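Per-entry structural report
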Amino acid sequence: MTAHTLTSNHPASSLAAPPASVIAYARGLVKTYGAGETEVRALDGIDVDFARGELTAIMGPSGSGKSSLMHCMAGLDTVTSGTVVVDDMNVGRMSERQLTALRRTRLGFIFQSFNLIPTLTAAENITLPLDIARRPVDRAHFAAIVAAVGLEDRLHHRPSELSGGQQQRVACARALVARPAVVFADEPTGNLDSKSAGDLLRFLRGSVDDLGQTVVMVTHDARAAAYAHRVLFLADGRLVHELTDPTQASVLDVMRSMGDETEAEHEHDGARR
Ligand SMILES: Nc1ncnc2c1ncn2[C@@H]1O[C@H](COP(=O)(O)OP(=O)(O)OP(=O)(O)O)[C@@H](O)[C@H]1O
């Protein structure tokens, strides 16, 4: 395990070009909501690199900017200032049409609430991004992903006929089927029991280790973060800490040192259950 406090929120590092192993990065990323007295600075000058073929977790107290960072990186929200590059594309300079195309063809998404189409079967939900983009389905890749998430005998079921864990595995398969450059997962285990959460996290980590996928995951859960190669910690819209090869204990230690006692104690109780 390696831990260090980050000091990269300064202008000089904004000029540093990332190495080729970086698939997505932000430089001087600022995101504000509202204006005048009601302005909220959700991201306060973030410099960050996301390595190709790694699972990166983003943690931090409620309101620290985790979702804002993910949404800006994924072209789901506009950037106030700074640069965001994903898969060699400057997300901040793209039109809404280009962003839609980027999200459909180069990015995968997994949300806490699964976001499946209720009238489609599991198989149809999984291939939806390719069908919308009118791209052919690589049947061998489809079969490999479906087998990896253990959904072979559920492909013809609709979401209402699946458990929460199975629905999230469908969402995972959907995120991976188009071989995206990056999968963004926002609290993917937030609605799952601990067994289903463990299954999903093992699968996500496996997609990185076995398929070379890149995954960026926002989570409150120290157990989930321990599946990552690297954990980034946000506070007040800044990157304040980073762990490589984290364990649940090392993540909880950082959360406590950041004063995130409530979350840390909650996680500790959860770990004992
Ligand atoms: N659409 C919005 N309009 C106004 N303020 C917003 C909006 N979205 C986020 N914020 C504010 O920006 C800050 C960062 O929010 P963000 O959702 O990114 O934090 P978070 O770390 O993901 O929080 P949580 O863990 O509670 O989901 C918060 O102060 C939040 O209230």
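Coordinates for the structure precede this section.
Structural notes, computed from the coordinates.

Definitions and limits used
Residues numbered from 1 in each chain as written. Predicted model: local features only at pLDDT ≥ 70, side-chain atom pairs only at ≥ 80, totals over all residues. Heavy atoms only, no water. Axes fitted to C-alpha atoms, helices over the stretch in contact; angles between N-to-C directions. Helix = DSSP H or I, 4+ residues; strand = E, 2+ residues; numbered from the N terminus. Parallel < 35°, antiparallel > 145°, perpendicular 65-115°, else oblique. Left-handed = near helix turned anticlockwise from the far one by under 90°. Contact = heavy atoms within 4.5 Å. Nonpolar A, V, L, I, M, F, W, Y, C, P; charged D, E, K, R; others polar. Buried < 20%, exposed > 50% of the residue type's maximum accessible area, 1.4 Å probe, protein only. Pairing = 2+ DSSP bridges.

To continue, consider the packing of helix 3 (residues 122-132) against helix 5 (residues 164-176). Helices that pack against each other are described as a pair by the angle of their axes relative to one another and the distance between those axes. Direction vectors running N to C along helix 3 and helix 5 enclose 30 degrees, while the axes themselves pass 7 Å from each other. It follows from the interaxial angle that helix 3 and helix 5 lie roughly parallel. Every pair of crossing elements has a handedness; the one defined by helix 3 and helix 5 is right-handed. Residue-level contacts link Ala 122, Asn 125, Ile 126 and Pro 129 of helix 3 to Val 170, Ala 173 and Arg 174 of helix 5. For the contact of helix 3 with helix 5, the residue count by class is five nonpolar, one polar and one charged.

Before going further, it helps to spend a moment on the pairing of strand 2 (residues 22-33). A large share of strand 2 lies buried, amounting to 10 of its 12 residues. The sheet contact formed by strand 2 and strand 3 (residues 40-51) spans nine bridges and is antiparallel. Paired with Tyr 33 across the strands is Val 40, a residue of strand 3. Both strand 2 and strand 5 (residues 81-86) contribute to a ladder of five bridges, which runs antiparallel. Considered in strand 5, the bridge of Ala 26 is made with Val 84.

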